[in-house]
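Descriptive structure summary
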Amino acid sequence: MKRVLMAGLAAACLSTSAFGQPIDRRALVSRHDVKLTAVDPSSPLMVGNGQIGFTADITGLQTFPEAYSKIAPLLTEAQWAWHAFPNPNHYTYADGTVPIDVRGTKQPYAYMADWNEGEKRPALLWLRENPHRFSLGRVALDLRDKAGKPAKFEDLKQTEQTLDLWTGVLTSRFTYDGEAVTVRTRVHPRLDMIVVDIDSALVEQGRLKLSVKFPGVSRNLNPDPSDWDHPELHITKVTGEGTARLDVSRQLDETRYVAALQADRAVDFTASGPHAFVVAPRAKGRTLGLEVAFSRAPLPKQLPTVTVADQATRAHWKSYWTRGAAVDFSGSTDPRAAELERRVVLSQYLMALNGAGEVPPQEEGLFSNSWNGKFHLEMHAWHAGHFALWNKPEYLERSLPWYIGHLKDAKARAASHGLKGAWWPKMVGPDGVDSPSKVSPFIMWQQPHPIWMSELIWRDKPTKATLAKYGQLVSETADLLASFPHKDDKGRFILGPPIIPVQENYDPLTTFNPAFELEYYRWGLETAQAWRTRAGLKRKPEWDAVIRGLAPLATKDGLYLPAESAPDFWDVAKSAACSNHAVDPKCMNRDHPSFLMAYGLIPGKADPETMRRTLQAVETDWDLRQTWGWDYPMAAMTAARLGEPDKAVDWLFYDAKNNKFGVSGMTPRVHQDEHAQVVVPTTVASGGQIAPAGEAMGPDGPGYRRAAETYFPSNGSLLAAVAMMAGGWDGSKGPTPGFPKDGKWTVKAEGFKPLP
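The model shown is predicted, which means the values in this text are computed figures rather than measured ones.

On to the pairing of strand β2 (residues 45-48). The alternating pattern of β2 places L45 and V47 on one face and M46 and G48 on the opposite face, and all of these are buried. Examined bridge by bridge, β2 and strand β3 (residues 52-56) share four bridges and lie antiparallel to one another. Note on β3: the bridge partner recorded for V47 is F54. Joining the antiparallel neighbours β2 and β3 is a turn of three residues, in which G50 adopts a positive phi near 95°.

Structure, rendered in structure tokens:
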């Protein structure tokens, strides 16, 4: 293993030395600065620091939310900002479970047979909705015409906006009533603080001020949890006021936080409502700077000045871009190279904002809410695993302690099923309580994730300290992997039922031996044994027994099956009724072709030639209109490991609704009408946000419904795939092994860590 790892590291180093000169990182990053001259309704830009995200309109603040898509709200969300509605009935996790027969024993699952059950069983609804993310506040321009009336969006002229990726500063310019306005927006790297400065003659005229408002929490939590219509349901209290600073405390039911508004000069803080303030300079001048800080704990009595905060932001982003790995495609002649580089750079920026906080991120990060803002642990590997491959392990390590902090809960969950180890849920908030669902309680592919992510940290930092920090997490997770499989009448260890594979359109009560899960559990246990060896411990015999006894991946006609329980899968998928058109319920060739990960994301024991044929079958017969944004990079990883770099690049650019990277680098989440309700229904209980059928056609054309303007697993998986293709994997040969050697690709890569 050590020789293989060193070979991969050597390959990563060769890819830089082959070109001699290091990558000009500032040039690489800056050529992908985002520049707008008009509103893109789907893509308001973001600034943030991983813990807090601020989504801004074309003015650089949150002045005109009505100019944007209804599913692109202008929010200020933080990884720590969670709220729960009152629970007068004292519902607990047990109230959301039902007994499911598992081989003759009744086991508790937070299962909803139908989304509408939430309306009939209030406990399901409350447990699914709570806790949830909320928006901390809205920072906007208070812009007035000469008569003192609020400005209208259509009266802004000559709008232009630039997101300087190297510095993390968003600069917005426009004219209003013939006067130029410049707004600069950024977020402090360590404080959860929005930093703004404006420059305009309108400030001196008293027609341009700054506004800070605090919302309540809406009963409709997705995509915008803000409630502006019930001021009586929350409390804003001024706790301190000086010539340049205002401190307030906030209370929303049991949730409490504080905020501070600090100006760079003497100002008046005027209440414009029970939860709103307008900030205006006392003395004449055309500039005004303001910092708006949010916190769970008391804030410092003196915040850094706007100038100091600006310098800290610039230094932080320079460090982010200059440390770790980089890849440059500028010398390539393949017409897709520049676009791939743009997607990669913008994804690096977006994931630093949305995937690098103290808890695992939700699928829409800090941009908007889906599934009530809860995070899906099966997506954590895509959201954050790439940081370690890009040689920035500290960003992954920000969220890994969440697992350590919830080991006790995870062990109790496993024990309730009569199992050993730690059972990790799917859809949770920071409390770690599983959410009732038709799908979530049976999803099991997230179980090895803590081992995979810990292993990536070890490969970056192979020290005793790493073993000590994550050893128990790896061991307890492995105990679950070894105790969840059960023996069948052939003496094999099998997975399920009940189980739902990564590809979620399977009956949990009849499905068994999904392909990727089998291989991932096997890999996870082998890796956990390696951790014991590194720590000077003996291998666990019970783990070895499962490693040896796990069923092999099921095949038929030379192709891997998604699950052993679906022997006719490819017969049906290849039929005229289903091939490339999986609309009929019998057509299961849609959603995630996850069996590809068994020889892509992980090395696995899959037969390469069988996997090659299976990948070809996916290309030929899968309904790739109904896949998610992370599926395309996932397939690219399989193609790369199979030694087909041309196909790997083709997969990265597959032409699908969910693989479109917008001006900001975000991808949407789009579903076909026929299956949209199954994925995210519109009922309150589901936490859905898909517009009902029959509404005006959306941006994706007839037959499609857009559920979200962003889906960050797309960005994270792209970064993981490109890291693998540029930096290699254990056993790969030569530099940049995942890119074609046809003379069209000039790939300069430095600093990558190989994938296992």
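What follows covers helix α6 (residues 306-322). If you check α6, its first and last C-alpha atoms are 24 Å apart, about what 17 residues at 1.5 Å a residue would give, namely 24 Å. Turning to α6, its buried residues number three or more, namely V306, A309, D310, A312, T313, H316, W317, Y320 and W321. Along α6, the residues classed as buried sweep out an arc of 165° about the axis, all on the same side. G324 occupies a position one or two residues after α6 and carries a positive phi of about 75°.

Strands in a sheet are paired, the pairing made by backbone hydrogen bonds, and the direction either parallel or antiparallel. On the basis of which strands lie adjacent, the open sheet formed by nine strands has the order β1-β10-β11-β12-β13-β22-β19-β18-β17 and antiparallel pairing. On the outer flanks of this sheet lie β1 (34-36) and β17 (235-241), each paired with one strand and no other. Neighbour to neighbour, the strand axes of the sheet diverge by 15° on average, direction disregarded. As judged from the seven bridges shared by strand β13 (residues 193-200) and strand β22 (residues 287-295), these two strands associate in the antiparallel manner. If you follow V195 over to β22, its bridge partner there is E291. The sheet contacts of α6 involve β11 (169-176), β12 (179-187), β13 and β22, and relative to β13 the element is tilted by about 115°.

Here we come to the side chain of D631. Note that D631 resides in helix α18 (residues 631-641). A polar side-chain atom of D631 sits 2.7 Å from the main-chain amide nitrogen of W628. Not counting residues within four places of it along the chain, the set of residues in contact with D631 comprises D591, H592 and P593.

Summed over the entire model, instances satisfying the criterion amount to 44 salt bridges. D197 serves as the salt-bridge partner of R184, at 2.7 Å between the closest nitrogen and oxygen. Here R184, found in strand β12, pairs with D197, found in strand β13; they are 13 residues apart in sequence, far enough to count as distant. Given a relative accessible area of 26%, R184 falls into the partly exposed group. Within the structure, one salt-bridge network assembled from shared partners comprises R184, R186, D197, D310 and R314.

This part covers the packing of helix α11 (residues 407-416) against helix α13 (residues 464-483). For the pair α11 and α13, the least separation of the axes is 11 Å and the interaxial angle reads 10°. Here α11 is positioned roughly parallel relative to α13, judged by the angle of their axes. Residues L407, K411 and A414 of α11 form the contact with α13, whose own contacting residues are Q472, L473, E476 and L480. Of the residues contributing to the contact of α11 with α13, the split by class is four nonpolar, one polar and two charged.

The subject of this paragraph is the sheet that holds strand β9 (residues 138-143). Read from one edge to the other, the open sheet built from four strands follows the order β9-β14-β21-β20, with strand pairing classed as antiparallel. Each of the sheet's edge strands pairs with one partner strand only, and the pair in question is β9 and β20 (267-273). Direction aside, neighbouring strands of the sheet carry axes that sit 30° apart on average. Bridge count between β9 and strand β14 (residues 208-213): six bridges; the pairing is antiparallel. Looking across to β14, one finds that R138 is bridged to K213.

Okay, the packing of α6 against helix α7 (residues 337-354) next. Look at α6 against α7: their axes get within 12 Å of each other, and the N-to-C directions meet at 125°. When the interaxial angle is binned, α6 and α7 end up oblique. Where α6 crosses over α7, the handedness of that crossing is right-handed. Across the interface between the two elements, W317, Y320 and W321 from α6 touch V345, Q348, Y349, A352 and L353 from α7. In terms of residue class, the contact of α6 with α7 is built from seven nonpolar, one polar and no charged.

You can see R173 is positioned in strand β11. What makes R173 partly exposed here is its relative accessible area of 37%. Ignoring sequence-local partners within four residues, the contact set of R173 consists of Q158, T159, E160, V181 and T182.

As a further point, take the pairing of β17. Bridge analysis of β17 against strand β18 (residues 245-252) gives six bridges, and the strand direction is antiparallel. For K237, the partnering residue across the bridge sits in β18 and is S249. The antiparallel pairing of β17 with β18 creates a hairpin that spans three residues between the two strands.

This brings us to the environment of Q626. In this fold, Q626 is placed in the loop between α17 (608-621) and α18. What makes Q626 buried here is its relative accessible area of 10%. When the C-alpha positions of Q626 and L346 are compared, they lie 25 Å apart, and in sequence the two are 280 residues distant. A distance of 3.1 Å separates the side chain of Q626 from the backbone oxygen of A582, its partner in a polar contact.

Where the model shows low pLDDT, its predicted coordinates should not be examined in detail. The predicted model of the protein averages 94 in pLDDT, with 94% of residues at 70 or higher. In this model residues 1-18 is a low-confidence stretch, pLDDT under 50, and it forms 25 contacts with partners more than four residues away in sequence or in other chains.

The next point concerns the packing of aromatic side chains. We describe a pair of aromatic rings using the distance from one ring centre to the other and the angle between the two ring planes. For the structure on display, the rule yields 38 aromatic pairs. Ring geometry for F739 against W745: centres 5.6 Å apart, planes inclined by 40°, an arrangement best described as tilted. Exposure remark for F739: the relative accessible area of 1% places this residue in the buried category. Note on W745: relative accessible area 9%, which makes it buried. Each member of the aromatic cluster is reached from another via a ring pair, and the members are Y109, Y111, W423, F442, F484 and Y521. Across from the ring centre of F85, 3.8 Å away, lies the NZ or CZ of R219, which sits over that ring. A cation sits over an aromatic face here: K392 above Y320, 4.8 Å from the ring centre.

Attention shifts here to unusual backbone geometry. The omega angle of the peptide bond from N130 to P131 is -10°, so this bond is cis rather than trans. The residue P131 is located in the loop between α4 (122-129) and β8 (132-133) in this model. Here the bond from N222 into P223 is cis, since omega is -5°, no more than 30 degrees from zero. Along the polypeptide, P223 turns up in the loop between β15 (216-217) and β16 (226-227). Of note in the backbone geometry, H90 takes a positive phi value of approximately 55° without being a glycine. With a phi angle near 65°, N372 is a residue other than glycine that sits in the positive phi range.

The rules behind the values
Residues numbered from 1 in each chain as written. Predicted model: local features only at pLDDT ≥ 70, side-chain atom pairs only at ≥ 80, totals over all residues. Heavy atoms only, no water. Buried < 20%, exposed > 50% of the residue type's maximum accessible area, 1.4 Å probe, protein only. Helix = DSSP H or I, 4+ residues; strand = E, 2+ residues; numbered from the N terminus. Pairing = 2+ DSSP bridges. Expected span 1.5 Å × (residues − 1). Arc of directions from axis to C-beta. Axes fitted to C-alpha atoms, helices over the stretch in contact; angles between N-to-C directions. Contact = heavy atoms within 4.5 Å. Polar contact = N/O pair within 3.5 Å; in protein donor to acceptor, adjacent residues only side chain to side chain. Salt bridge = Lys/Arg side-chain N within 4 Å of Asp/Glu carboxyl O. Parallel < 35°, antiparallel > 145°, perpendicular 65-115°, else oblique. Nonpolar A, V, L, I, M, F, W, Y, C, P; charged D, E, K, R; others polar. Left-handed = near helix turned anticlockwise from the far one by under 90°. pLDDT = per-residue confidence, 0-100. Phe/Tyr/Trp six-rings, centres within 6.5 Å; stacked < 30°, edge-to-face > 60°. Lys NZ or Arg CZ within 6 Å of the ring centre and 35° of its normal.

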